[in-house]
Every structure is written in C-alpha cells, then in structure tokens.
Protein chains: 2
Amino acid sequence: MCESRGAAQMELGSSWNAGSVAAVLPAGGSGERLGAARPKQFCALQGRPLVSHTACALERISWISDIIVVVSLEHIETMKSIIQKYGHKRITVVEGGVTRHRSIFNGLKIFAENKLQKPEVVIIHDAVRPFVEEDILLKVVKAAKDHGCNDYDLDYGTECLHLALKYCKTKAKLIEGSPDLWKVTYKRDLYAAESIIKDNLSQQVCIITDMKEDAVQVGFLLHETLKSHIQQVRRISVSLYKDDNYMQNIILGQCFNFICIRVNKSAFQETQQLVDILENANISTLYPVVLILVHLNVSENTSFSSEMEDLTRIKEFAREVKKKNILVYGLLIHYNKDDPQLQETVNSAATIISALIKDRNPELIGQLLVA
Amino acid sequence: MCESRGAAQMELGSSWNAGSVAAVLPAGGSGERLGAARPKQFCALQGRPLVSHTACALERISWISDIIVVVSLEHIETMKSIIQKYGHKRITVVEGGVTRHRSIFNGLKIFAENKLQKPEVVIIHDAVRPFVEEDILLKVVKAAKDHGCNDYDLDYGTECLHLALKYCKTKAKLIEGSPDLWKVTYKRDLYAAESIIKDNLSQQVCIITDMKEDAVQVGFLLHETLKSHIQQVRRISVSLYKDDNYMQNIILGQCFNFICIRVNKSAFQETQQLVDILENANISTLYPVVLILVHLNVSENTSFSSEMEDLTRIKEFAREVKKKNILVYGLLIHYNKDDPQLQETVNSAATIISALIKDRNPELIGQLLVA
C-alpha cells in the first residue's frame, strides 16, 4: 500500500500494467466540522455536489477502469441520483462501514467478490479532495510497483500505512502530494473550492459575431481587449457555429463562455440555435455556461417602450434557458464607428463581460447592462 | 511563553493586569507558496492588504495597548503607507531579521529599549491570520499567567515553545485555537478569506425611503422580503439620516449596505448627502460600501432618451463615488400598487439586491438593473 496526502493505492498483484487501476472513494463522512446541514461531500459547488466534482476528476483519467464510491446507507439513493443526473460512468456505489477503514474494506470487497474485474492497483482517494491531477495519481500508481515499506513511513506516515504492514504484510511508501490535493473540511474550504472552480471556468471565451460589418468590427475590438482579462479568446462568425464539428471542438476544449454580438437586437431565434447546440453537447450538465448577448445600438431613436419590450424578452428567454444551466446576460453597446470614445466603450464592455464570466451570478441573468 | 495555533504570548513580568498587553505581528514572509507577485501579507482582500485586516482585528480589542508589525527592510515604507491610508492607530513598524525568531526578537526589543511602555504580556500573532477573535486572545493572555510548561508541550508544541524553555527559562503552555485562526498560505486561502470577508459585510442592510407613499410601501415590502436573504434589515425614513446621531449608530453597528428608495428618479442631491455622511463617518476607508439606488417607475410614458440620460447620470455619479470606495448600483422597479404581480416584482428586487450586496462587484457599478 502506498499513500500520498490524499491518494493511496494498494498493490493487489505482483505485476502492474497500465489499464489495470481502479479507485475507491470513501464518501461516508458526516462533515461535522463544516457546520453545514448536509455532509460536505454533498454540498454544492457551482450547483453540483462536491463528490461529483471529485468523481469527474477521476473519470477524466482514462486508465482508471472503475470508481467505487463508498457512502453511508442513508446516502445511497442520493449518490445514485447524482450518478444519474450528471451522467457519471464507471461508478459503483457501495455501502460504507462504521469507520473509514471499514468503508475502504467494503469498497475493496467488490473486487474480491468478482463483481467487478480485479485491478492490480486500487487508488484510495478521499471524495472531498476535488482537485486531483493525473500526474500525482500516476506517481502513486508507479510507486505501488517500485517501492518498499521503510521505517520512516511507518513512523511519520498516516495510519493507513500502519494497517497495511500489520494486516496485509504489503509494501508501503509515502508520496508527497501537491497543495491542490487539499481536503475540503471547513466552510472556508468550500468557499475556496467554489472560487477555484469559477477561476477554471473563466479561462476561455468564444466570441460569435453576426455577418454585419459593425458586429465584425466590435467583435475584433472586443477580442483584442478581452485578451488582457481572459487567457484564451476565440472569435468565430455566426455561420461557423452551424458547422457542428467546429463548435464541438470548441466545446470539447472546455469553453464555458460565449458572447454573441449582433446588430439586430431581437435575434433570439439564432441565439436559440446556439442554446440547442450547447444543450446537445451536454456541456451545461456539469457546469453553468455563460452566454452574453451583445446588442449594438446604432441608432439613438429607439423608443423606451421598445427597449423595455426587448428587456422583457431577454428576461423571459434567460429564465427559460436557466433551466438548462445556461446563464444569459444582455449587454448594450452604443455603437458609432467614428466615435472617438469607441475604444473606451469597448474597454468598459470587456470589463463588464469579464466580471459576468468570473462571477457567474445566477441572480443577475436577464439583465441588460450598458457598456 | 504560551502559544496557540496562531497566537502566542510572552510573560515579561511576574504579575499581569488587564490593559498591559501588547502584540507583535511577524509580517516578513516572502509568500513563495502563494505563487503571487507580492508577499501574501500585502495581497489585497476587498481592496485592502491582508496585514491591515489582521491589524484591525487586533485594534478592535481595547486592552491591547500597542501593536508592533515586523516587516523586512524593503517593505517598511509600504507598511507605513498602509498605516497612513487606513488610519491605523497604536501600530509601530519594526524591521525584521533573517528568520521569524529574529523578527520577533526585534519586535520585542522595542519594549526593552523603552521606546514603548513595557507590557506584562506580549501576544505573538502571525500577520497572515486575519480572523482572530478577542476570546481566544483572552484565553492566551490568561494562560500566560496561570500555566506552567510541561513535557507534552515541549514534545508536541511548535518550535517557539522549545526556544522559550531553552533561552528564557519561562513558563509555556499550548492553547488550542479555533479553526477561524487559520493561516493564509496558498492562493486558495486568499479566496476563502475574501469570501469570508464578503460574507461578514453582507450581514446588515439599511433601507432609506423618501416620504412619498409609494416609496414607503415598497420599503416595507422590501424589508419583509429581504429578511430571508440578509440577517439584519433596518428601515428608516430619509428625514432620519439627516439626524446625525441616528446614522452614526447605524454606521457604528458595522452596516456596510444601504438602499435608497425614491419616486423622483433624479434625486442625486439627496444621495450625495448620504455619500457625504458615509464619507465623514470614514466607513468606506476599511471596506467598500454598497449603495443601491432604487427608482420607482410609476409611469409607462418615460421616453427612452430620458431613461438613457438618467443611466448616464448614474454611471457618472457611480464613477465619482467609487473613488471614495462606495459602490453605487441602480435598480428600477415598475410600480403600480394594484398590480397583482407586485410581490413577485419585490421578490425579484430582493434577490437582485442581495446578489449585489454579496458580490460587491466593482465592475458593475453604475448599471441600472430591472426587477
């Protein structure tokens, strides 16, 4: 058995091949120190339970064949509905024991009973450590093959290492984890995890412009300006998102933010097409997607009542689309290509867009902001 | 010497009286683990350096007479300008040494050299633990009098306790701190601290209504509805905030959020009066204050251009007031007292208000949202 801060594995066989690794996630804690109504592994981060985030992190790793989540009896149905709702694959739910070690034992029994194919290495990973990366798990798995147990580990390792020696007569090695592996224990950790997830979701944005010259120009200016706020900014023409492959690539590249720029303000039909594409790609199942509708106002003669009508339509549209976990905001840009203040307006638009993407505030959907 | 997780004190005399306590804050760390451009004690939380938040937490405690902040030579001027900018009292800046212990020693030397009155107890408190409460410090100070040093503390306490015995022949005792005493070490800790501070700032709101019947009614409805979002909601008439004592009490009660409801949309003059009161009370020096201007639109006949003019004025006003660390947002409520949807509109307004207060987003100031 090898244990890192947060990730341990057990050598079940004498030789190890890639593809023969499973993971057991103890998720039976009561979360007393958190002070929340429910155990921390079921607390929501961006609307989704913590345990689902951790499960996703392990599912992303192709060489982990099976993931066993061990929960207390009362939470088995909750866990099953989480698997259903968020489309988890390769997860088996197992009832826990009265202690963490009994729970891990119950998880391992699944393999002994031949209910699942016996792996050569099993990674034990706390369900409340959502930010685990492939490289650290690979180190842990390799260490399971390469290292033996030494006195230092027994003196300073965690209790699992003691048990491994006492009962299993197996080899053990302590692997240093990264700071990202930290465990969600207190309420402040939930806050931190929420901010880290929001940060990760704000790294990419895709600007979609309609074919009109004004939209293309604002798209270009916004692209240039947003680069100083957001790591990766793409810009495509509206005709391209009808090319399924193109959009699929962007979505597969983990882009969760879209900006649609159009001169014709009431283009809800085209926006609906984008929403359908996002929905079909299942992208908003796991994280809320931000969709900012930028209206270019090229005339000063719009009446207030027509403006209010538009606002009402955005609100209704946003409320409807929110059910699919897509957050829609409106942004009005007064546009005149000869305006010497144009760059200033674009700067203001970029700042507002960046704030909306970074905050992902579900309570401000359907609002029409002004750059 | 006594040490808790994050708070230690040294017994300098043989008997202790309340009022004879000082604090030394080592603030010389380089913050390498944080991965930020500047040391973590100078990273901004709600726009203010972490070390200033910690200093405030200690300044709130009346029985701590002097606070010595120990920083490296290159940060002495930075620290002095922080003291100036945020109006800290009772703080002396001292140059640190090459290690944490030498820095603490330099802090203590100030008393030995009779530059400040010698206290009977000195609390050593990390500058990067911003959430320290009076009760735990009181326990630490009391323990400095009551307890002796035992073998358990020497074996399992932190290195300070070892030094205390070895060099000072003084008594030592380990005090268990609360989880809130945690140390800001990684970037995730800054995220958590930021969220905790925002949470603390969102506990109270004061609704100020003008004298018109419609404003009073909406004020009443908002009061009732906001109670389920925010812990403490007060409501006063606009005439009252001209009573200095009344407003002073609210401000002294740590209220950082104000909602002004008025039927006459362009009442910037009255709003300016409120801004002046807040400014004179120095309330926004330490934390950003949220000020939401609620406009009741009782007519459908407003022209778009007059609406845009108003929006421009809010934006300009907000930009001006932002310099005083006051964040102004506009909120439009279409009001008709016989509207069967009125409560729904008020619910929407309360949700938006609560989101604005909890987010305190400086990039969305001057926007006119619609309930």
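Residues numbered from 1 in each chain as written. Chains lettered and ligands numbered in written order. Predicted model: local features only at pLDDT ≥ 70, side-chain atom pairs only at ≥ 80, totals over all residues. Heavy atoms only, no water.

1. Some words on the overall build of chain A
Helix and strand counts for chain A stand at 13 helices and 15 strands. The proportion of buried residues among the 371 residues of chain A is 56%. Long-range pairs, those at least 24 residues apart, make up 78% of the contacts in chain A between residues at least 6 apart in sequence. Total accessible area on chain A is roughly 16700 Å²; 48% of this is exposed by carbon and sulfur atoms. (Helix = DSSP H or I, 4+ residues; strand = E, 2+ residues; numbered from the N terminus. Buried < 20%, exposed > 50% of the residue type's maximum accessible area, 1.4 Å probe, protein only. Contact = heavy atoms within 4.5 Å. Areas by Shrake-Rupley, 256 points an atom, 1.4 Å probe, with all protein chains shown as cover.)

2. Observations regarding the packing of aromatic side chains
Counted according to the given criterion, the structure contains four aromatic pairs over all chains. Ring centres of F256 of chain A and Y287 of chain A lie 5.3 Å apart, and the angle between their planes is 75°; on these two criteria the pair is classed as edge-to-face. Linking F256 of chain A in the loop between α9 (244-252) and β12 (257-262) with Y287 of chain A in the loop between α11 (283-286) and β13 (289-297), this pair joins segments that are 31 residues apart in sequence. The two residues F256 of chain A and Y287 of chain A agree in class, both being buried. Arranged with centres 5.5 Å apart and planes meeting at 15°, the rings of F131 of chain B and W182 of chain B form a pair that is stacked. Of this pair, F131 of chain B sits in the loop between β8 (121-125) and α4 (134-146) while W182 of chain B sits in the loop between β9 (173-175) and α7 (187-201), and the two are 51 residues apart along the sequence. The residues F131 of chain B and W182 of chain B share a single accessibility class, namely buried. Over the ring of Y287 of chain A we find R48 of chain A; its NZ or CZ atom is 4.7 Å from the centre of that ring. Over the aromatic face of Y86 of chain B sits the side chain of R48 of chain B, whose NZ or CZ is 5.7 Å from the ring centroid. (Phe/Tyr/Trp six-rings, centres within 6.5 Å; stacked < 30°, edge-to-face > 60°. Lys NZ or Arg CZ within 6 Å of the ring centre and 35° of its normal.)

3. Focus: the sheet that holds strand β15 (residues 368-370) of chain A
Residue and element names in this part refer to chain A. Here six strands make up an open sheet; going across it, the order is β11-β10-β12-β13-β14-β15 and the pairing parallel. If you trace the sheet from one side to the other, it starts and ends with β11 (232-237) and β15, each paired once. On average, each strand axis in the sheet is inclined to that of its neighbour by 25°, with strand direction left out of account. Helix α13 (residues 342-359) rests against β10 (204-209), β12, β13, β14 (326-334) and β15 of the sheet, and its axis sits at about 170° to β14. (Pairing = 2+ DSSP bridges. Axes fitted to C-alpha atoms, helices over the stretch in contact; angles between N-to-C directions.)

4. Some thoughts on helix α7 (residues 187-201) of chain A
Taking 1.5 Å as the rise per residue, α7 of chain A with 15 residues should run 21 Å; its terminal C-alpha atoms sit 21 Å apart, in good agreement. The set of residues buried in α7 of chain A consists of R188, D189, L190, Y191, A192, A193, S195, I196, I197 and L201 of chain A. The inward-facing, buried residues of α7 of chain A contact β4 (44-45), α1 (50-59), β10 and β12 of chain A together with α7 of chain B. (Expected span 1.5 Å × (residues − 1).)

5. Brief notes about helix α2 (residues 76-85) of chain B
Because the α-helix completes a turn every 3.6 residues, residues three or four places apart line up on one side. Residue and element names in this part refer to chain B. Regarding α2, the residues found buried are I76, M79, I82 and I83. For α2, the angular spread of buried residues about the axis comes to 125°, placing them on one side. In α2, the exposed residues that point more than 90 degrees away from the buried face are E77, Q84 and K85. The inward-facing, buried residues of α2 abut β5 (48-49), α1 (50-59), β6 (64-71) and β7 (91-95). The positive-phi residue at the C-terminal boundary of α2 is G87, with phi of around 60°. (Arc of directions from axis to C-beta.)

6. What about the confidence of the model for chain A?
Across chain A, the average pLDDT comes to 85, with 82% of residues at 70 or higher. Contacts of residues 1-16 of chain A to residues separated by more than four positions or lying in other chains number 71 contacts, the stretch itself having pLDDT below 50. (pLDDT = per-residue confidence, 0-100.)

7. A look at the relation of the copies chain A and chain B
Here chain A sits on chain B after a turn of 180° about the axis and a move of 0.0 Å along it, with an RMSD of 0.1 Å. The operation mapping one copy onto its partner corresponds to a two-fold rotation axis. (Least-squares fit on C-alpha atoms with pLDDT ≥ 70 in both.)

8. Some points on the packing of α7 of chain A against α7 of chain B
Between two packed helices, the angle of one axis relative to the other and the distance separating the axes together describe the packing. Viewed as axis vectors pointing N to C, α7 of chain A and α7 of chain B meet at an angle of 110°, and their least axial separation amounts to 8 Å. One way to sum up the angle between α7 of chain A and α7 of chain B is to call them roughly perpendicular. Along this stretch, α7 of chain A crosses α7 of chain B, giving a crossing that reads as right-handed. Packed against α7 of chain A, whose contacting residues are K187, R188, Y191, A192, S195, I196 and D199 of chain A, the element α7 of chain B presents K187, R188, Y191, A192, S195, I196 and D199 of chain B at the interface. (Parallel < 35°, antiparallel > 145°, perpendicular 65-115°, else oblique. Left-handed = near helix turned anticlockwise from the far one by under 90°.)

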